[in-house]
Amino acid sequence: MLRTVFYGVFLSLFVLIQTLYAQEVFKIGSPLPMTGAGAAFGEKFKKAYSMAIDEINAKGGINGKKIELVIDDTQAKPAVAVTNAKKLISSDKVIALVGGWSSGVALAVGPVAQDNKTPYLLEHPALDDITRQGHDYVFRLQPTTGMYSAALEDFLEKVVYAQEKRKLKVAYLYVDNAFGQGVAKYGILPYFKNKKDKFDLLVSEAYNEKAMDYKPLLLKAKNANPDIVVLTSYLTDGILLAKQTKEVGLQAKVFSGTGAGHSMQDIYEKSGKAVEGYFSSGPWHGAIKSPQWKKWRQDWENKYKYVPGEHEIEGYVAIYVLAEALKGVKSSDIIKQREELQQSLKKINMDTIFGKIKFENFEGYTNQNKAQGLTALAQWQEGKLYQVWPKDAAEREFKY
Amino acid sequence: MLEIKDLRASYGKLEVLKGITLKIQQGEIFSIIGPNGAGKSTLLKAITGLMPHIEGKINFAGIDITGLQPHQIADIGIAHVQERHRVFGSMTVKENLLMGAYIKTKRRYIEENLEYVFALFPRLKERLNQQAGTLSGGEQQMLTIGQALMMMPRLILMDEPSLGLAPLLINSIYESLRELNSKGMTILLVEQNVKKALQISQRAALIENGAIAFEGSSEELRCNEEITKIYLGLC
Amino acid sequence: MKSSKAYIALLVAVLLLSLLPLLMSSEKHKYLYDVLFTLNILILLSVSWNILGGFAGQVSFGHAGFVGMGAYAVALLHHHLQLSPWVAMPFSGITAVIGAMLIGSIALNLRGPFFALSTLALAEVTKLIVEGWRGFTMGTQGIVIAQTELLGIKTTGGLYFIITLWAAGFALLISLLIKNSRYNYYFLAVGENEDAAIAVGINARKYKLYALLVSAFLAGLAGGLIVAHTGFVDPESGFDMVRTVEPIFITIVGGMGTVFGPLIGAILLVPAGEYLRTEFTKAHLLFYGVLLVVFARFMPRGIMGFFRRIGK
Amino acid sequence: MLISIVINGLLIGCIYSLIAVGLTVIFGVMRIINMFHGDAVMLGMYAAYFLHEKYGLSPYVATIVTAPIFLAAGMAIYKILAPIPPKQREMSSLIITLGISFVTATTAMLLWTADYRTVNLSYSQEVFDLLGTRIGYPALISSIFSLLLIGGFYLFMTKTFLGMSIRATAIDPTTASLYGVNVKITSMVTFGIGLVLAGVAGAVLSPIFYMYPFVGSNFVIKAFTIVVLGGMGSVTGALIGGLLLGVSEALASTFLEYSMKDIIAFLIFLGVLIFKPSGLLGGRSRV
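Residues numbered from 1 in each chain as written. Chains lettered and ligands numbered in written order. Predicted model: local features only at pLDDT ≥ 70, side-chain atom pairs only at ≥ 80, totals over all residues. Heavy atoms only, no water.

Quick look at the interface of chain A and chain C
How big an interface is tends to be reported as the loss of accessible area on association of its parts. With 35 residues of chain A at the contact, the number on the chain C side is 27 residues. Counting the surface lost from both chain A and chain C, the interface buries some 2,800 Å², and carbon and sulfur atoms represent 52% of this. When the area that chain A buries against chain C is broken down by residue, the three leading residues are Thr83, Lys86 and Asp115 of chain A, summing to 19%. Summed over the shared surface of chain A and chain C, the result is three salt bridges. Here lysine 86 of chain A ties to aspartate 34 of chain C by a salt bridge, and the two come within 3.2 Å at their closest N and O atoms. Scanning the region where chain A abuts chain C turns up ten residue pairs in polar contact (both at pLDDT 80 or more). Elements that contribute at least two residues to the side of chain A that touches chain C include exactly β2 (67–73), α3 (78–91), α4 (103–115) and α7 (178–194) of chain A. Each residue belonging to the side of chain A that touches chain C can be placed in one class, and the counts come to 14 nonpolar, eleven polar and ten charged. (Contact = heavy atoms within 4.5 Å. Buried area = accessible area lost by both parts, 1.4 Å probe. Salt bridge = Lys/Arg side-chain N within 4 Å of Asp/Glu carboxyl O. Polar contact = N/O pair within 3.5 Å; in protein donor to acceptor, adjacent residues only side chain to side chain. Helix = DSSP H or I, 4+ residues; strand = E, 2+ residues; numbered from the N terminus. Nonpolar A, V, L, I, M, F, W, Y, C, P; charged D, E, K, R; others polar.)

Here it is, written out as structure tokens:
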């Protein structure tokens, strides 16, 4: 009798330990701006991650383990983000880092991840330099700033120039920070420099994101009487620019943003519909023709009551990419787990609603997903942003 | 009218007034004289509530005003003209005079009081819209007295009106004080200019080291041996 | 505390804390060491602010400017001349001192709130120049600094905390030396009443400049130490206003004008801030704000002042 | 184009001035560096937003509803600051107001989320033509409203006893008390009025700017620039300082590189500090 009890207790203890062991989770850490000017974006990514994680966990997790998200507030400050990353790695013992929103934060977190051999997956910080440091623990699934304007450039040449058949005057205004400088330096400026025969870049100015009045700048652009106005903006400056463009009466054949602010639903309502007809060239909003994408978008609207854009899909897909890679993690030691995850990420080759994800080393980039099919030109038509270029990814005909 | 009983006041640990007892009669000019740092100005500050810690009793026209706030004492009818003619430099002369009539019950009489002040100091009327800070020292002194009159006080405390002024101006200021007094105004005058003070006042007290050394009629003080020693024979 | 005892206590504390990695592995407790790094940096910065604001009575709103200058000195030497941050480090302090001479030539003519606001403006101007001078400073894109090693200490690693510990100790030592020298009296005189100080023959401008230069050196050094650790700097983060605000908080909470006030303030506020941030991802600034209001309201002379009063 | 640029500079300058006026009054009277000011502007914006969304109130009319609340809030904050000994007041008030700023902004975020919001009026995109310059109606109305408010406040400060007592307290609180001014109450009311002006500035900004809980920090440094530029405590100084800043920024951003615009503002600021430390309009608390 005593023996049975003893065995019983022993057995149940064993089972208990086993289940405890099995219930161990994969922790994913994210340094995000949850306070300060970037808080609205931190909130977007938090929603995107949570949605994906809830779905995965509801289906039983990965290898029987659930995924858990740990967020630490960066206030969008690189120096704080370094502490965040170290806390997440050494104190929370996360298996991987994801996100960061701004390029400055990602530039600072990258070396910490590399140093501690912890995979760091970027889904939004876009500055080219981040994946040009040779860090083999840093992965990026979305296009870089230099790739943002690819679809616009294609469109301007093949459609606008082809139709007008004359040299076109261009005004370019961009936000003065790592993102804006990146798009300008790696994308727009070299492009127009190369195509001097077709385009005449008359105004090219960086502006302060926090300014209250852009009218002098817009008057300067108006004075040049441009055919094409290109803007690289975040949300708040994008809103003011759109409103004040109407106010000063700046007119052009084409107004185009380069993703970021111009591809967020917020800009339409908050600018009082001033961006109707604007184009936006940037990371696309997914493989919109696929049924999985349509379902995702519906789910999102049901859950959060608004139309998702590039941030939401990037965050959501990032978790699925990590989940896929986590399948290759077998060991129990966190240090080995991280190594296995890195190896596993290297081998990733998957189709997602954000397109094909495969991390490659090329032309000085390390673990950068190539951009083919990931940038698209979209246009604001009757309050919604529809992809219009390239043709095979178009939901609607462009209006021009 | 004003009764002060065993008044003590101190700055931190330094006791400046060591038990002062005084009575000021209605309608008189009472001079307080004494060397620098004897506590003359402190006495005035203690009366109008500018000293944070005082002991003793101050009674004004039957009201106990000990420990009241400066603005309450102003309400009760005591004007305090501080030394070095502290006007509101960046406000105009007119605004300065109007500040004198800040107490609600006196605002009704602004016009009459302005006339009264202008009659006494015609210079002020000429400079009505000038910034007070740009006035000469003498004019500023006139302005502060004018401000005090706008309060329609029952008692004016006057701190060193002659300080830093040319002799001719001093005479003119004192002339106005005499005129005010002749119309019934009670004045408590603190002066280093002993000669002037004792000429104008009916009674006077000598303060030394925070205590009253002598008190009596101005005539008595002028001929007092001690004072003669210090202030070189005024008698 | 007798002054000689204070020196010994300081030395012993720094030496003992330097041995901490023997007890706790710096590899395993990276976060702890990072918090200690932040703590040391803020002690250094607060002591720097206190020398100018607390000792000499010249309240600076522009410390972020000196920090930024130091940070950019290291970053630019690394970027253009490939100098290791270890070699470039001393230049961070020196650059800030040069900057302080320029700033001082304008600001030291001013007093009180005018001095404070002019230092704020000058720090902003420096930041805007760094932002605008893209060819040299990379503008808003920022500069990445590769991590380097010296004697097995990585600028990004846990052992780096020892370097910042010695820097904080060095700042406290300077603070003590000033407090126990005749300069303390000059500073006090100038801080209390500049006109009176000039009237008794003290060259007020000279002593204000001395305090400014010492303060700027330490703040610049802090900037250099931070940038080597973060590995990235842009104008927004290099000249972050927080680098002005935090030392003021810490010094006031600890006790302005005392040698150990900044130390006590930092030991209290840094862990509190860390705890609140990790515990309340979104609401941490709320609690931190309440903490500041309560401290500043009920202990306007800081913790040192509070205990001194109770001691009486 | 030059005329358009100057006009635009003046328009935005009016609003800069309005933000600075409240700050300058608080600073002039109490020597309190009010770091909460930007957050009061933020609260004014949100109040205008909600009153517009829920009750269709025009932001300009909404100021009547919010003014008493800001007055009370200002007086309450002054109650926290008042008991601090004068010697510590300058620094302690800086920290306390900054602490309150943290609490306010974070609470705003928890209540209203971090989302950006704007107020779009029915006439948001209508344009008025002035000397060949196109001006949006909201920008025009906001600027005129600001000017009227500053003008009204100027009259209040020069023509009423309360206004004069505020100025007198700023110059010399001791002397003011001897004329019957209750300095404590005056200071308290002044703080309240300062916040009312900040709240109104927020309402005026709401149709032409955007809001989020931490937006306040955008205004603080600029407002302090104007305060020092105009002379601390001076209402006309704040007006002229704001207009000057608006115009110089507009001109600088047209004829120089745009990023140089802020440098110009700060260089003007430094020039004033060097050559006239008391500000453009001289001594403190000249109206």
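Observations concerning unusual backbone geometry
A cis amide bond links tryptophan 389 of chain A with the next residue in sequence, proline 390 of chain A, at an omega value of -5°. Positionally, proline 390 of chain A belongs in the segment after β16 (384–389). Positive phi outside glycine occurs at alanine 260 of chain A, with the angle close to 45°. Mapped onto the fold, alanine 260 of chain A is located in the loop between β9 (254–257) and α10 (265–270). Taking relative accessible area as the criterion, alanine 260 of chain A reaches 7% and is therefore assigned buried. Backbone geometry at arginine 84 of chain B places phi at a positive 55°, although glycine is not the residue there. Classification of arginine 84 of chain B by relative accessible area gives exposed; the value is 58%. (Buried < 20%, exposed > 50% of the residue type's maximum accessible area, 1.4 Å probe, protein only.)

A few points about the interface of chain D and chain C
Contacts between the two partners involve 40 residues from chain D and, on the opposite side, 36 residues from chain C. Both sides of the chain D and chain C interface together cover about 3,400 Å² of buried area, and 84% of this is carbon and sulfur. When residues of chain D are sorted by the area they lose upon contact with chain C, Met91, Ile95 and Phe102 of chain D head the list and together hold 17% of the total. Summed over the shared surface of chain D and chain C, the number is two residue pairs in polar contact (both at pLDDT 80 or more). Looking at the side of chain D that touches chain C, the elements that each hand over two or more residues are α4 (86–112), α9 (217–230) and α11 (261–275) of chain D. The element that contributes the greatest number of residues to the side of chain D that touches chain C is α4 of chain D, accounting for 17 residues. The residue makeup of the side of chain D that touches chain C, split by class, is 28 nonpolar, seven polar and five charged.

Quick word on empty space enclosed by the protein
Taken as a whole and assessed by the stated rule, the structure comprises twelve cavities of 30 Å³ or more. Counted as a void, the second largest cavity has a volume near 250 Å³. Along the wall of the second largest cavity there are 23 residues; nearest its centre are Lys243, Gln244 and Glu247 of chain A together with Ala139 and Ile208 of chain D. Considering each element in turn, the lining of the second largest cavity owes the most residues, five residues, to helix α9 (residues 235–248) of chain A. (1 Å grid on protein atoms, 1.4 Å probe; cavity = no way out; pocket = protein on both sides within 12 Å on 5 of 7 lines; lining within 4 Å. Points joined across faces, edges and corners; volume = space filled by probe spheres on them.)

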